[in-house]
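Structural description and commentary
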Number of protein chains: 2
Amino acid sequence: MESKLSKAEKTRQFIIETTADIFNTKGYAGTSMSDITDATRLTKGSIYGNFENKEDVALAVFDHNHARVRKVIQQRMQQAVTYHEKLMVYVQVYDHFTRLNYFPRGGCPILNTSVEADDTNSLLKERAAKAVLEWKKNIQALIQEGIAAKEFKYDVDDSRIALSLIALIEGGIMIAKVTDSQANLNQVMKTAELLIKMIRV
Amino acid sequence: MESKLSKAEKTRQFIIETTADIFNTKGYAGTSMSDITDATRLTKGSIYGNFENKEDVALAVFDHNHARVRKVIQQRMQQAVTYHEKLMVYVQVYDHFTRLNYFPRGGCPILNTSVEADDTNSLLKERAAKAVLEWKKNIQALIQEGIAAKEFKYDVDDSRIALSLIALIEGGIMIAKVTDSQANLNQVMKTAELLIKMIRV
DNA sequence: CATAAAATATACCAATCGGTATATTTTATG
DNA sequence: CATAAAATATACCGATTGGTATATTTTATG
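Residues numbered from 1 in each chain as written. Chains lettered and ligands numbered in written order. Predicted model: local features only at pLDDT ≥ 70, side-chain atom pairs only at ≥ 80, totals over all residues. Heavy atoms only, no water.

Right, let's get into the overall build of chain A. Along chain A, the regular secondary structure elements total 9 helices and 0 strands. Secondary structure elements of chain A occur, N-terminal to C-terminal, as α-α-α-α-α-α-α-α-α. Referenced to the eigenvectors of the C-alpha coordinate spread, the extents of chain A come out at roughly 60 × 45 × 30 Å. Across the 201 residues that make up chain A, the buried fraction comes to 55%. (Helix = DSSP H or I, 4+ residues; strand = E, 2+ residues; numbered from the N terminus. Buried < 20%, exposed > 50% of the residue type's maximum accessible area, 1.4 Å probe, protein only.)

Each partner contributes to the interface: chain A provides 43 residues, whereas chain B provides 43 residues. A buried area of about 3600 Å², summed over both sides, lies between chain A and chain B, and 69% of it is on carbon and sulfur atoms. Run the count over chain A and chain B and you get 6 salt bridges. Joining chain A to chain B, the criterion identifies 14 residue pairs in polar contact (both at pLDDT 80 or more). For the side of chain A that touches chain B, the secondary-structure elements that each account for two or more residues are α1 (7–30), α6 (109–117), α7 (122–148), α8 (158–179) and α9 (182–198) of chain A. Here the side of chain A that touches chain B takes 15 residues from α8 of chain A, the largest share from any one element. Looking at side-chain class alone, the side of chain A that touches chain B contains 19 nonpolar, 14 polar and 10 charged residues. (Contact = heavy atoms within 4.5 Å. Buried area = accessible area lost by both parts, 1.4 Å probe. Salt bridge = Lys/Arg side-chain N within 4 Å of Asp/Glu carboxyl O. Polar contact = N/O pair within 3.5 Å; in protein donor to acceptor, adjacent residues only side chain to side chain. Nonpolar A, V, L, I, M, F, W, Y, C, P; charged D, E, K, R; others polar.)

Take chain A, turn it by 180°, move it 0.0 Å along the axis, and it overlays chain B with an RMSD of 0.0 Å. Between the two chains, the operation in question is that of a two-fold axis. Proximity to the rotation axis, assessed at the C-alpha, singles out Gly171 of chain A in chain A; its C-alpha lies 2.1 Å from the axis. When the interface residues of chain A are mapped onto chain B, 100% of them again lie at the interface, so the same face is used by both copies. (Least-squares fit on C-alpha atoms with pLDDT ≥ 70 in both.)

A few words now on the side chain of Lys136 of chain A. Residue and element names in this part refer to chain A. The topology assignment puts Lys136 in helix α7. Although Lys136 lies buried, it forms no salt bridge, and the closest oppositely charged side chain, Asp158, sits 7.4 Å away as judged by the N-O distance. In contact with Lys136, other than residues within four places in its own chain, are Ser159, Ala162, Leu163 and Ile166. (Lys, Arg positive; Asp, Glu negative; His and termini not counted.)

On to the UniProt feature "domain: HTH tetR-type" (unreviewed entry) in chain A, then. Cross-referencing UniProt, the feature "domain: HTH tetR-type" (unreviewed entry) maps to residues 9–69 of chain A in the present numbering. This span, residues 9–69 of chain A, is 87% helix and 0% strand, and a straight line between its end C-alpha atoms measures 22 Å. (UniProt positions renumbered as here; feature names shortened; annotations may be inferred.)

Below, the discussion takes up the pattern of salt bridges. Scanning the entire structure with this criterion turns up 14 salt bridges over all chains. Residue Lys177 of chain A pairs with Asp118 of chain B through a salt bridge whose shortest N-O separation is 3.5 Å. Here Asp118 of chain B lies in the loop between α6 (109–117) and α7 (122–148) and Lys177 of chain A lies in helix α8, a pairing that spans two chains. Assigned by exposure class, Lys177 of chain A and Asp118 of chain B land together as buried. For Asp63 of chain B, the salt bridge identified is with Arg127 of chain B, shortest N-O distance 2.3 Å. Pair noted here: Asp63 of chain B is in helix α4 (residues 54–79) and Arg127 of chain B is in helix α7, with a separation of 64 residues, a long-range link.

The next subject is the packing of aromatic side chains. Tallied over the entire structure, the rule returns 8 aromatic pairs over all chains. Residues Tyr94 of chain B and Phe97 of chain B carry aromatic rings whose centres are separated by 6.0 Å and whose planes lie at 25° to one another, so their mutual orientation is stacked. For Phe97 of chain B, a relative accessible area of 9% corresponds to the buried category. Here a set of aromatic residues connected by ring pairs shows up, and it is made of Tyr94, Phe97 and Phe103 of chain A. Over the face of the ring belonging to Tyr28 of chain A we find Lys54 of chain A, whose NZ or CZ atom lies 4.6 Å from the ring centre. (Phe/Tyr/Trp six-rings, centres within 6.5 Å; stacked < 30°, edge-to-face > 60°. Lys NZ or Arg CZ within 6 Å of the ring centre and 35° of its normal.)

Inspection of the secondary structure assignment puts Leu168 of chain B in helix α8 (residues 158–179). Classification of Leu168 of chain B as buried rests on a relative accessible area of 0%. Along the sequence, Leu168 of chain B and Val91 of chain B sit 77 residues apart, while their C-alpha atoms lie 10.0 Å from each other. Each residue touching Leu168 of chain B, except ones within four places of it in the same chain, is listed here: Ser164, Ala167 and Leu168 of chain A together with Val188, Met189, Thr191, Ala192 and Leu195 of chain B.

All names here are of chain B. The end-to-end C-alpha distance of α8, which contains 22 residues, comes to 31 Å, matching closely the 32 Å that a straight helix rising 1.5 Å per residue would cover. In terms of burial, α8 is a largely internal element, 22 of the 22 residues being buried. A positive phi of about 55° marks Asp180, the residue just after α8. (Expected span 1.5 Å × (residues − 1).)

Bringing the environment of Lys153 of chain B into the picture now. Looking at where Lys153 of chain B falls in the secondary structure, it is placed in the loop between α7 and α8. Discounting residues that sit within four places of it in the chain, Lys153 of chain B has contacts with Ile147, Met198, Ile199, Arg200 and Val201 of chain B.

This part takes up the side chain of Asp35 of chain A. Residue and element names in this part refer to chain A. Position of Asp35 among the secondary structure elements: in helix α2 (residues 33–40). Look at Asp35 and you get buried, because its relative accessible area is 18%. Looking at Asp35, its side chain comes within polar contact range of the side chain of Lys26, at 3.2 Å. Once residues lying within four places of it in the same chain are set aside, the contact partners of Asp35 are Ile22, Lys26 and Gly30.

Spelled out as structure tokens, the structure:
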């Protein structure tokens, strides 16, 4: 019988899922192979049978964590009708950043990976950079469609708005996590809301 | 003769200065004692004679890097006349973030330390949190003085503006560093400028 | 310039690091 | 149910980790 996932594929997925939070809290340098074997209750042989090395696990984990966050956003965005509402999904999601458990423990994987890897690990950096630029592109597309639908002003600087929204979110998360205050993120999200309001016709 | 600094104090300062960039690029977990001895050409005995442990070095290095950034801002702010100009110092400084070498290699120490330490090191986290809240307080004070001087609207939400400015800057730095694009930070700083313009009477 | 104290270097520690070669077990297939 | 292949476990590697006890050197002082 063809099982959907081979044993190894299942193990691989299991390793990724059980170490997802570890990498996202302790970081790449801070996570050891023994952290991985302890958490999975597997041995090194099993880990190295499914991954090339620690970096390879970290890369797969980043993709997994990133996909998880994306999924939450996309899901909510489908419910939204207007483009204004669609953009506001970001504000709403990060307004409940702490409470909701959509997010992997340790916060935003893009932020964590970007900040750790930008000077130390080119492969992880590349993934994080791609994630940021893809995110930017998605927001720009929403704005452009909103313009076409006469919802947003025709001369909106979509690139600037997209980058600023991302910066507010990621910077807001940084502040909220280090000060242990979701309220601080909420205040930043109010400015994000203002930014979105300002581009409406 | 009373020398200003004792030998040990000079060595301590030397260790802090020569490892400042290392900690800020590789992070706390990523920096090893041998990184420190290699860079300083000192031995472990000398390092441990002046610091309790690695964490103790990292804490001193954070204070040093943070003070360095603060100094640049304060210096420029003294030249500014109006409160609008004072707030714009942030925009101007981070508009040249990459070019200028005020900043320690590795980017913003507050961002780096916050993101790494918020789930792993309570002492470093505490320092970073203090730095953020002090920064926030300073911006709020500028806004309040600007209000008193009839330069800013009387009903400005100073807390929200302060947090949003910080978020834009730190989020913008994250984006710029991971995408290797100062231009991305400049676009975010344009929004910061807009934010500052909006509170004027 | 002798001497005590302070600062630095040397030599070492057990533990852990990431990684690998090989043995064992589990799985799929005829 | 035998067998080959795939997956996992065992046992090990040298290097490096953060840290310390002690020896040596440098500094300040009477």
